[in-house]
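What the coordinates show
Each chain is listed here by its residues.
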Amino acid sequence: MPKLLTKSKFLNGLDSEALLWRVVNQPETIPPPGAFAQQIFESGTEVGLLAQQYFEEGIDLTPFDFLPNIRQTRLALRNRKPIFEAGFLTGRFYVRVDILIPSGKEEWDIIEVKSSTKLKETHIHDLAFQRFVLEKCGLKINATRVMLVNNQYIRQGELSTRDLFYFEEVNEQVSEFLHQVPALAQNMLAVMDQPVCPEFRLEDLTKGEYSNVFKDEFNAALPKGSVFELYRGQKKKLIELWSSGIHLIKDLPTDEQTPDKHLIQREAAISGKPYANPEQIRAFIEGLEYPIYHLDFETFNPAIPPFDGTRPYMQIPFQYSLHIEQADGTIEHREHLHTASTDPRKALFSQLHEDIGPQGTILSFYETFEKSRITEWASAAPEYHIWAEDLTARMQDLLTPFKQFYYYHPDQQGSCSIKKVLPVMSDLSYKGMAISNGGEALSAYVKHFVNNQPHDDNEQLIKDMLAYCELDTWAMVMILRRLGELTEN
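Residues numbered from 1 in each chain as written. Predicted model: local features only at pLDDT ≥ 70, side-chain atom pairs only at ≥ 80, totals over all residues. Heavy atoms only, no water.

Concerning the packing of helix 3 (residues 35-52) against helix 18 (residues 438-450)
We apply this condition: To obtain each axis, a line is fitted to C-alpha atoms, and for helices this fit is confined to the stretch in contact; angles are then taken between N-to-C directions over 0 to 180 degrees. Numbered from the N terminus, helices here are DSSP runs of H or I no shorter than four residues, and strands are runs of E no shorter than two. Note on angle classes: values under 35 degrees are labelled roughly parallel, values over 145 roughly antiparallel, values of 65 to 115 roughly perpendicular, and the remainder oblique. Handedness of a crossing is defined here by the sense of rotation of the near helix relative to the far one, left-handed for an anticlockwise turn of less than a right angle and right-handed for a clockwise turn. Any two residues having at least one pair of non-hydrogen atoms within 4.5 Å are treated as being in contact. Charged residues are taken to be Asp, Glu, Lys and Arg, nonpolar residues to be Ala, Val, Leu, Ile, Met, Phe, Trp, Tyr, Cys and Pro, and polar residues to be all remaining types, Gly included.
Orientation of helix 3 relative to helix 18, taken along the N-to-C sense of each, is 50°, at an axis distance of 8 Å. In terms of orientation, helix 3 and helix 18 fall into the oblique class. Here helix 3 and helix 18 pass one another in a crossing that is left-handed. Two secondary-structure elements touch here, helix 3 through Ala35, Phe36 and Gln39 and helix 18 through Gly439, Leu442, Ser443 and Val446. The residue makeup of the contact of helix 3 with helix 18, split by class, is 4 nonpolar, 3 polar and no charged.

And the structure:
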C-alpha cells in the first residue's frame, strides 16, 4: 500500500517537511511520549469519547480498523445519523472524522473534537484537510465546527456534557484556508516520496505547538553557552543572531539594544563565574519573616472535572511538602499526600491549616501557583476565606532573586526553574530519583490513586512521591541559605 497522507501528517508537514518525512519513512526514530505527554494523550481520548455522548443515536465506528472502517462508513452514511470516527480514503489521502452529523437532506457537518479550551489555528488547518478529503469522496459539506471544552463550567453533581462543551463554527476560516490545501497536500506527498530526508530549517523552530524531534535534536547539539540559552529570548531574534554568525552568548553585542539581563549572561559566560548582586539579595532576605514556611504543592489538572466545585483543567492539589525554618536554623518537616480517589482538597487544606502558624513568611518557588491554589480553595470553602487572605498576604517568591537576576550562574542555561537553580546553589539534584519531576508525580497520582490502577509496590510509590515533593521544599531551604552566604562575602 502506498504511503498515505493523514490529517496528523498534514499538520506535521505544515510545521516541517523534515518532520513529515521522518514520521512517514523512519517512525522508529521518533521517541515515544513520556509519562506526562502520555497522560495528555489519554485525557484527549477521554474527552473525545465523552463528546460522543452529546449526540443521540450515533453510530460508533471506533472499533473498526482501516479498511473495515471505510466499508462500515459507506454503510453508515445511508442511515443519516451521527457517525463517530468515520473513515474516508481517496487516492493517497485518508482521514477519520471525529463526529460527522447529517445536515438537511444530503449535506453533512464535520465536527472536530478538541480537548483544548479555545480555538487554535491548527484546528482550522485540521478541518480544512478533512473537508478537502470528504469533498473529494463526494460528500457535500454544510458546516465545519470545533467542539471545545468550556473551562467556565463548574461541576455540581452529575457531569453535564451539555455544559462541558461548546462549539465554534469556523466555516469562513476553513473555506479561506481550503484553497491552499490541494497544492500543500500534493507537495507533502512529494516530500514523503523523497529518497532522503529534507534539511531541517532554522525557521521551523518557530512553528508548531507539539513536540518535534528535530527541534529536540537541534537543541541537544547546541554548544554550551549558545544564544539559545538567552533568558526569555524570542525565537525569531535568536535565529537572526545564529544566522548572522553570533552563536555564543559571550559574543553578544553590548549595544543598547541588548537587554540588561542578557548582558549579565554575557558577563557570566565570559568569566565562567556566577554573577551576584549582594545588596539586592540582602534586601530580598531582609524582607522575609521567621519562621519561614517553605511550601510546595503537587497538583493534577484533568480536562473533565472529577469533583463537585471543580472546573476543566483546574489545578487540584493532592500533595504538599512544608519545611518550617526557625530563626535559629532549626527545621521541621510536614507533609501530606492524599491516596484515595476522592476529592483531595478538604483533607489537604485542613492539614495545611494546622501546619502553618499565624506568623512568618510563606515562601514558594513561583508563589503565583501556590497562592492561586489557596485562593481557589477559599472560594470553594468560604470558612477558609480569612485564613487564605492571611496566607496569601504573607507569601513571598524565592524565584524573585533569579527572575530579577540578582544571581545568575551560566550553568542555569538561561532558566530560573528550581531544577536548574538547585545544582548551581548546592550539591543536591533530582537526578536518579524514581519520581524526578512534577509531570511524573502527576501521572503517577492520576494512574494509581485517581484511576486506581494497581502498582507493583504501592508503599514504595508513596515513598517516592513524598521524597520528590520533600526535595522541592528542602531545595528551597538550601537555596535560601546559599543566597544568605553570598551576602556575607
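Describing the sheet that holds strand 2 (residues 83-90)
Spelled out, the test is: Paired strands, in this sense, are two strands between which DSSP finds at least two bridges.
The 6 strands are arranged 1-2-3-4-5-6 in an open sheet whose pairing can be described as mixed. Edge positions in the sheet fall to strand 1 (59-60) and strand 6 (165-169), since each has one partner strand and no second. Two strands pair when backbone bridges link them, and strand 4 (residues 107-113) and strand 5 (residues 140-149) are joined in this way by 7 bridges, in the parallel orientation. Counted as the bridge partner of Asp109 is Ala143 from strand 5. Helix-sheet contacts for helix 5 (residues 121-136) involve strand 2, strand 3 (93-103), strand 4 and strand 5, and the interaxial angle to strand 3 is about 90°.

Some remarks on the sheet that holds strand 11 (residues 362-364)
The strand order across the open sheet built from 5 strands is 10-9-8-11-12, with neighbouring strands paired in mixed fashion. What marks the edges here is a single partner per strand, and that holds for strand 10 (331-337) and strand 12 (395-397). Pairwise comparison of adjacent strand axes, ignoring direction, gives a mean angle of 25° for this sheet. Pairing between strand 8 (residues 292-300) and strand 11: 2 bridges, direction parallel. When the sheet's bridge partners are listed, His294 is paired in strand 11 with Leu363. Against the sheet, helix 19 (residues 458-486) makes contact with strand 8, strand 9 (316-325), strand 10 and strand 11, and its axis sits at roughly 45° relative to strand 9, the strand it touches most.

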